[in-house]
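Here is what each chain is made of, one letter per residue.
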Amino acid sequence: MSESTIVKLPDQSTARIPKMNYLSKENGILSWLLTGDHKRIAILYLISLSFFFFIGGALAGLIRLELLTPQADLMATDTYNKVFTMHGVIMIFFFLVPSVPATLGNFLIPMMIGAKDLALPKINLLSWYLYMAGGLLALYTMATGGVDTGWTFTTPLSTHYVNTNVLTTGLAAFIAGFSSIFTGLNFIVTIHKMRAPGMTWFKLPLFVWAHYAASVLMVLATPVVAIAIVLVALERTIGIGVFDPTKGGDPILFQHLFWFYSHPAVYIMILPGMGVISEVISTFSRKRVFGYTAVAFSSVAIAIFGFFVWAHHMFIMGISNYAVLVFSLLTMLVAVPSAIKIFNWTFTLYKGSITFETPMIYAFGFMGLFTIGGLTGVFLGVSGTDIHLTETYFIVAHFHFVMVGGMLMAFLSGIHFWWPKMTGRMYPEKISQLAAVVTFIGFNFTFFPQFILGTLGMPRRYASYPPEFQILNVFSTAGATILGVGYLLPVLYLVWSLRYGKIAGNNPWQATGLEWQTQSPPLTENFVKMPIMDHDVYDYEWLEAQQEKEKEVASA
Amino acid sequence: MSEQNAHAQHAEGKHAHHIVSPKTYALILLALLVGTATTVWASYVDLGIWNPVIALAIACTKATLVVLFFMHVKYSSKLTMLTVLAGIFMFLTLIGMTLADYISRAWGQW
Amino acid sequence: MPDSSAVEHGASVAAEHEEHPAYLRHHFESTEQQADATNFAMWLFLLTEIMFFGGLFTAYLIYRNWYYQAFVAASHQLSIPLGGFNTLLLIVSSFTMAMGVWCAETRRKSGLVLCLCMTLVLGLGFLGVKSVEYREKFEKHHVPSYHYSLNSFLDPDSDEAAKAAGDKPLPLDVARHTEVYFSLYFAMTGMHALHMIIGVGILVFMIFRAQAGAYTTGHVTFVENFGLYWHFVDIIWIFLFPLLYLISRH
């Protein structure tokens, strides 16, 4: 693959990491803990997110290990309930929701729009502290006995029937919610008010558009789950009767409020990932994203439609049949903007000069797995099939195809793509390509059998199952082992590359974004002087002309 | 930004910082007090189904006055207005779509 | 509107920009950009607040339609004079807050401190009245929990407020739903009071800063944004008052 590559590294014998950069500016732990710099906060997030990811991953390992055999033999059944609940809580609230926005979004949005920082640096730091407070509270919960309601905190189970740490877990989610609200708010303000001269809305990279749409969701949807959690907490502690059926409350109302957030939340999780994919696909096929405007608006459309479909999580919960019809129909609509994105990426590839660096392999993984995940979502959106498939392993597989196959692939793609910008060094290409392929294979082994299990009728959230399902479960557990290797590899070689990686130079991928036109790692203020956006977005000819000019200046 | 520029922008009425006069504030206060008195008075009169309608209409009027004048939205950028409208829209979506379930639950079952 | 003052203000901002006022944070290009950005951020925060209370309003709407009779009887337990007086306090405090913003904009330091102090007193007054109302609910066992008492609804003659409203005794299964009303009453007014308490805390902080002259040198963003918050809390009460106290009288 060495002959077909776009990688352009500086001469390694003379290249140096720039002495002045955001990493070297100040030293000491306090300079990190009190920083207002969006790039440093992004690094803080990256480290803490990875920590929570591996805790959530370890819990997933326990689940798969338990399901290796039909009997509940590894742990007691109520321990199993706690394990899958904590897996869900940690992965959703402390990894998936903040994953791309808090790390890559934080790092890149100001650079992409030509600003020195996010509009509200202190609020940005505050949201990291809130995130950590919530995360540590969740860990404390886990250490002191866990919670077994499932990550959905469904009433009246969570208010009346379980005696585990619902309160602290709820509080952890509540705090993490505010962290996410502040991140979203910060992004919206920044994108509106901090753009460099010439950076009009339709010159924004699609990464920024996707984050804008996700931020709107964060700001508008999160408070509703916050109030739902507050009401659950009040019901548990002082016994008010808003969701309590014995007092006249309606438990389904909790689900309405909960899913009003938690359905848009999956778009909060996936939209930033789609933004990453747009950047990566364009860069590695050397073409402007096909149908830029359509892709930009499809992000916004997903955000808007995302608000009108929440009750498709409740088809079997006792909502009215007419509401089921309406919500089922609206759910189909979301498929349209998602498909627009997939088709436009495919057309971007068409006749492009494609190269297969690691971010691109992950991006291909994303496109395939997300498409499968999305299409199986249609099965669940149709009320007829949903009644058969919901609460089975089909739904588990669907969700993991979209979130792990989609979002996690996008996250890894983005981390590899911008790693040279964040650290100034390249990751080792060969082994990372291997890791990407291992992840893809492991993923399919893990989750594809679960589609079959689900259609055969294996319910989720049980520690034991009929013996005839064992063979597929063994497949799934074996795949999870491979998947685990695929996730551990990047940690090892990325840490290794911090010291031994090749020096990347400003723009190893020959990408067009403003973030690539400055040194790596960037200065604290991002740019030496305020950039002016005088060319179109994804304009590779402009980039070539620019580099010609620089060469002439250098030789003159 | 030069002084000229600031003037030019003010003429456009975009970013210029509009200072609302105390007289306006006083008038709004008066209107709010009248509204409060009216809504209390109306609550003692039995108007059947119109009682809540009138109370909410008065409340909406009062809230609009506060938003437009005390919160300066009347003099703010389009973006601020859009933000307020987005809030109202999402609020109505939450209520409307949830009610879509509740009002139709008993349909066909009587 | 006195246009001249706006122009004068715009001019002074422009003049200050030349020498980079100390409050201009490094990542902004101009004080206007900074003021614009923080103002917009505050509005977005209020957007989240709308949705936060939105959940409670939704619950209220649904249960009021389900348990109309119980809501009527339960709302008779609230005192319109007290609620009305509280509305009055809040509206006037909103006015003093708006005047405070005006004082800051026109750089009247003592006026600003006075306005903020008045807002503080009115806000505390509101909380005081609220606590009187809460206390009465506690005494009558109308706080939803395990000690909730249905006496006032099963036997209205034993209860002054119910008697005054001419309530008929409710059947047990209807009366039990008054607890839902009080659950919502406490959740909504409690959440509102919590916002008031936070606001009062910030007011105290602001009074000290205003005394030191922090907001009367052209940097009014903080006062303005707090004003937005305070008015928002006022608006919530403008809706809570008719919903909880007034519309179920008949």
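Figured I'd write up the structure that's included with this text. All values reported here derive from a predicted model rather than from experimental measurement.

### Considerations on the overall build of chain A
- The secondary structure content of chain A amounts to 17 helices and zero strands.
- Taking 24 Å as the expected radius of gyration for a compact globule of 556 residues, we find that chain A reaches 23 Å, a close match to that expectation.
- Judged by the C-alpha coordinates and their principal axes, chain A covers about 85 × 45 × 45 Å.
- For chain A, the residues scored as buried account for 62% of the 556 residues in total.
- In chain A, once contacts between residues fewer than 6 apart in sequence are set aside, the share between residues at least 24 apart is 83%.
- Counting only carbon and sulfur atoms, one obtains 70% of the accessible surface of chain A, whose full area is about 19900 Å².
- Charged side chains in chain A number 30 positive and 28 negative. The centres of these two groups are separated by 7 Å.

### Digging into the overall build of chain C
- Secondary structure summary: chain C contains ten helices and zero strands in total.
- At 23 Å, chain C has a C-alpha radius of gyration far larger than the 18 Å of a compact globule built from 250 residues.
- Along the three orthogonal principal directions, the C-alpha set of chain C runs to about 75 × 35 × 30 Å.
- Taking all 250 residues of chain C together, the buried fraction comes to 64%.
- Summed over its atoms, the accessible surface of chain C is roughly 9300 Å², and 64% of this surface lies on carbon and sulfur atoms.
- In chain C, the 14 positive side-chain charges and the 22 negative ones have mean positions that sit 9 Å from each other.

### Topic: the side chain of Ser282(A)
Residue and element names in this part refer to chain A.
- Its place among the elements puts Ser-282 in helix H9 (residues 251–285).
- Within the local environment of Ser-282, its side chain forms a polar contact with the backbone oxygen of Lys-287, the two atoms lying 2.7 Å apart.
- Setting aside chain neighbours within four positions, we find Ser-282 in contact with Lys-287, Arg-288, Val-289, Thr-348, Tyr-538 and Tyr-540.

### What to know about the interface of chain B and chain A
- Each side of the interface is counted separately: chain B has 13 residues, and chain A has 20 residues.
- The junction of chain B with chain A conceals about 1500 Å² of combined surface from both sides, 76% of it contributed by carbon and sulfur atoms.
- Looking at the side of chain B facing chain A, the largest losses of area belong to Met90(B), Leu94(B) and Met97(B), adding up to 36% of the total buried there.
- One can count one salt bridge joining chain B with chain A.

### Focus: the interface of chain B and chain C
- Contacts between the two partners involve 56 residues from chain B, matched on the other side by 57 residues from chain C.
- Between chain B and chain C lies a buried interface of about 4900 Å² when both sides are counted; carbon and sulfur atoms form 78% of it.
- Across the contact surface, chain B and chain C share zero salt bridges.
- For the pair chain B and chain C, the interface holds zero residue pairs in polar contact (both at pLDDT 80 or more).

### Focus on the nonpolar core
- Of all hydrophobic cores here, the largest spans 307 residues; its most connected members are Phe366(A), Trp418(A) and Tyr63(C).
- Both domains that meet at this core, namely domain 1 (3–75) and domain 2 (77–110) of chain B, each give it at least three residues.
- With near-sequence residues (within four places) excluded, Trp418(A) lies in contact with Leu104(A), Leu108(A), Met112(A), Phe207(A), Val276(A), Glu279(A), Glu515(A) and Trp516(A).

### Some thoughts on the packing of aromatic side chains
- According to the stated counting rule, one finds 76 aromatic pairs over all chains in the structure shown.
- Summarising the aromatic geometry, the rings of Phe258(A) and Trp259(A) are spaced 5.2 Å apart at their centres and angled 85° between planes, so their arrangement reads as edge-to-face.
- Seen in terms of ring centroids, Trp66(C) and Tyr67(C) are 5.9 Å apart; in terms of plane orientation they differ by 75°. Their pairing is edge-to-face.
- Relative accessible area serves as the criterion here: at 14%, Tyr67(C) is assigned to the buried category.
- Ring pairs connect the aromatic residues Tyr60(C), Phe71(C), Tyr134(C), Tyr148(C), Phe153(C), Tyr181(C), Phe182(C), Tyr185(C) and Phe186(C), which therefore count as one cluster.

### Observations regarding the pattern of salt bridges
- Using the criterion set out here, one finds 13 salt bridges over all chains in the structure.
- Its salt-bridge partner being Lys193(A), residue Asp36(C) comes within 3.4 Å of it at the nearest N-O pair. Here the residue Asp36(C) occupies a position in helix H2 (residues 31–66), and Lys193(A) occupies one in helix H7 (residues 166–193), the pair thus bridging two chains.
- Asp36(C) gets classed as partly exposed once you look at its relative accessible area, which sits at 23%.
- In this structure, Glu133(C) engages Lys130(C) in a salt bridge whose closest nitrogen and oxygen atoms are separated by 3.3 Å. Taken together, the residues span about one helical turn, with Glu133(C) and Lys130(C) both in helix H5 (residues 109–139) at a distance of three residues. The pair Glu133(C) / Lys130(C) is uniform in exposure class, with both members buried.
- What you see here is one network of salt bridges that share partners, running through Glu136(C), Lys137(C), Lys140(C) and Asp159(C).

### Notes on helix H5 (residues 121–143) of chain A
- With 23 residues, H5(A) ought to run about 33 Å at 1.5 Å a step, and its terminal C-alpha atoms sit 33 Å apart, in line with that.
- At the C-terminal side of H5(A), Gly145(A) shows a positive phi close to 120°.

### Points about a nonpolar patch on the surface
Residues and elements named next belong to chain B.
- On the surface, Trp-41, Tyr-44, Val-45, Leu-47, Ile-49, Trp-50, Val-53 and Ile-54 cluster together to form a nonpolar patch covering roughly 830 Å² of accessible area.
- Breaking the nonpolar patch down by element, the ones donating at least two residues are helix H2 (22–44) and helix H3 (50–70).
- Of all the elements, H3 adds the most residues to the nonpolar patch, at three residues.
- Here Tyr-44 falls in the exposed class, since its relative accessible area comes to 52%.

### Overview of the packing of helix H3 (residues 77–96) of chain A against H7(A)
All names here are of chain A.
- Close contact between H3 and H7 brings their axes to 10 Å; oriented N to C, the two are set at 20°. Relative to H7, the element H3 is oriented roughly parallel. Considering only the axes of H3 and H7, their crossing is left-handed. Contacts from Val-89, Phe-93 and Phe-94 of H3 reach H7 at Thr-169, Ala-172, Ala-173 and Ala-176.

### Some thoughts on the environment of Ser94(C)
- By the element assignment, Ser94(C) lies in helix H4 (residues 80–105).
- When the C-alpha positions of Ser94(C) and Gln211(C) are compared, they lie 21 Å apart, and in sequence the two are 117 residues distant.
- Apart from residues lying up to four places away in sequence, Ser94(C) is in contact with Phe70(B), Trp230(C), His231(C) and Asp234(C).

### Observations regarding the state of the cysteines
Residues and elements named next belong to chain C.
- The tally for this structure, following the rule as stated, stands at zero disulfides over all chains.
- Cys-115 supplies the cysteine sulfur nearest to Cys-103, a cysteine that is in no disulfide, at a spacing of 4.2 Å.
- The class of Cys-103 is buried, set by a relative accessible area of 5%.

### Observations concerning the side chain of Thr283(A)
Residues and elements named next belong to chain A.
- Structurally, Thr-283 is set in helix H9.
- The exposure class assigned to Thr-283 is buried, which follows from its relative accessible area of 4%.
- A polar contact is formed between the side chain of Thr-283 and the backbone oxygen of Glu-279, at a distance of 2.9 Å.
- Contacts of Thr-283, omitting those with residues within four sequence positions, involve Ile-6, Phe-417, Trp-509, Ala-511 and Tyr-540.

Cut-off values and rules
- All residue numbers refer to position in the chain's written sequence, counted from 1.
- The order in which chains are written sets their letters, starting at A; the order in which ligands are written sets their numbers, starting at 1.
- Two thresholds apply to this predicted model, a pLDDT of at least 70 for residue-level local features and 80 or more for giving and counting side-chain atom pairs, whereas whole-chain, interface and lining totals are computed over all residues.
- In computing side-chain values, all of the structure's heavy atoms are included and hydrogens and water are not.
- A helix here means a DSSP run of H or I that spans at least four residues, while a strand means a run of E at least two residues long, and both kinds are numbered starting from the N terminus.
- Note on method: radius of gyration uses C-alpha positions; expected globular size equals 2.2 Å times residues raised to 0.38.
- For every residue, the accessible area (1.4 Å probe, protein chains only) is compared with the maximum for its type, and the residue is labelled buried under 20%, exposed over 50%, or partly exposed between those bounds.
- Residues count as neighbours in contact if any of their non-hydrogen atoms are within 4.5 Å of one another.
- The Shrake-Rupley method, run with a 1.4 Å probe sphere, supplies the accessible areas, and residue values consider only the shown protein chains as cover.
- Only four residue types enter the charge count: Lys and Arg as positive, Asp and Glu as negative, with His and the chain ends excluded.
- A charged residue contributes its charge at one atom only: NZ of Lys, CZ of Arg, CG of Asp or CD of Glu.
- Any pair of nitrogen or oxygen atoms within 3.5 Å is treated as a polar contact; in protein, a donor-acceptor pairing is required on top of that, and neighbouring residues in sequence qualify only through side-chain atoms on both sides.
- Buried surface area refers to the total accessible area, computed with a probe of radius 1.4 Å, that the two partners give up upon joining, counted for both partners together.
- Whenever Lys or Arg places a side-chain nitrogen within 4 Å of a carboxyl oxygen from Asp or Glu, that contact is recorded as a salt bridge.
- Throughout, nonpolar core names a set of buried Ala, Val, Leu, Ile, Met, Phe, Trp, Tyr and Cys residues whose side chains join them through atoms within 4.5 Å.
- Domain start and end points were adopted from an automatic or database domain assignment.
- Centre distance within 6.5 Å is the pairing criterion for rings of Phe, Tyr and Trp, where only the six-membered ring of Trp is used; planes under 30 degrees apart are then read as stacked, over 60 as edge-to-face, and the remainder as tilted.
- Expected helix span is taken as 1.5 Å per residue step, with the number of steps being one fewer than the number of residues.
- Patches were defined on residues exceeding 30% relative accessible area and lacking a salt bridge, with like-charge contacts within 9 Å and nonpolar side-chain contacts (Val, Leu, Ile, Met, Phe, Trp, Tyr) within 5 Å.
- Interaxial angles span 0 to 180 degrees and are taken between N-to-C directions of axes, which are lines fitted to C-alpha atoms, for helices over the stretch in contact.
- Relative orientations are named as follows: roughly parallel for angles under 35 degrees, roughly antiparallel for angles over 145 degrees, roughly perpendicular for angles from 65 to 115 degrees, and oblique for any other angle.
- Should the near helix be turned counterclockwise from the far one by less than a right angle, the crossing is left-handed, whereas a clockwise turn marks it as right-handed.
- Count a disulfide wherever a pair of cysteine sulfur atoms falls within 2.5 Å.

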